[in-house]
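Residue-level listing of the chains:
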Amino acid sequence: MDLTEKRCLPCEGGVPPLDEAAIGRLLPRVPEWEEREGRLRRTFHFPNFVEAMAFLNRVAEVAEAEGHHPDFSVHYRRVDMEIWTHAVGGLTENDFILAAKIDRVL
């Protein structure tokens, strides 16, 4: 099933983060993202600040609908984004689902 067809499931902790093998199977499904230190990371570039902020507003709608929220920083035309499941201190399938849905926002 396509990751964008899935929904993020509530996570209260108590489950382990994905292991390297599971991350290795999911990472090709979000090819623009990289895994570092138990987080998915991606940098987005836009023509100007207004378009970067418009993108983030669309991401906010997706994140709120999924109940899973990325961390990001804006540097004028550049947006750096990280996703991980805070409750488990690493990656879960939810992170890959959200990354795929953020890619679709573009």
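Since this is a predicted model, take the numbers as computed values, not measurements.

Undergrad: In this structure, what is going on with the sheet that holds strand β1 (residues 34-36)? I would like to understand it.
TA: The pairing of strands in a sheet comes from backbone hydrogen bonds and takes either a parallel or an antiparallel form. Pairing within the open sheet is antiparallel, and its four strands lie in the order β1-β2-β4-β3. Sheet topology places β1 and β3 (71-75) at the edges, where each strand pairs with a single neighbour. Geometrically, the sheet is characterised by an average inter-axis angle of 25° between neighbouring strands, direction not taken into account. In this structure, β3 lies alongside strand β4 (residues 78-83), joined through five bridges in antiparallel fashion. Counted as the bridge partner of Ser-73 is Asp-80 from β4. Docked against the sheet, helix α2 (residues 49-66) engages β2 (39-45), β3 and β4, running at close to 25° with respect to β4. Against the sheet, helix α3 (residues 93-105) makes contact with β2 and β4, and its axis sits at roughly 10° relative to β2, the strand it touches most.

Scoring rules and cut-offs
- Residues numbered from 1 in each chain as written.
- Predicted model: local features only at pLDDT ≥ 70, side-chain atom pairs only at ≥ 80, totals over all residues.
- Heavy atoms only, no water.
- Pairing = 2+ DSSP bridges.
- Helix = DSSP H or I, 4+ residues; strand = E, 2+ residues; numbered from the N terminus.
- Axes fitted to C-alpha atoms, helices over the stretch in contact; angles between N-to-C directions.
- Contact = heavy atoms within 4.5 Å.

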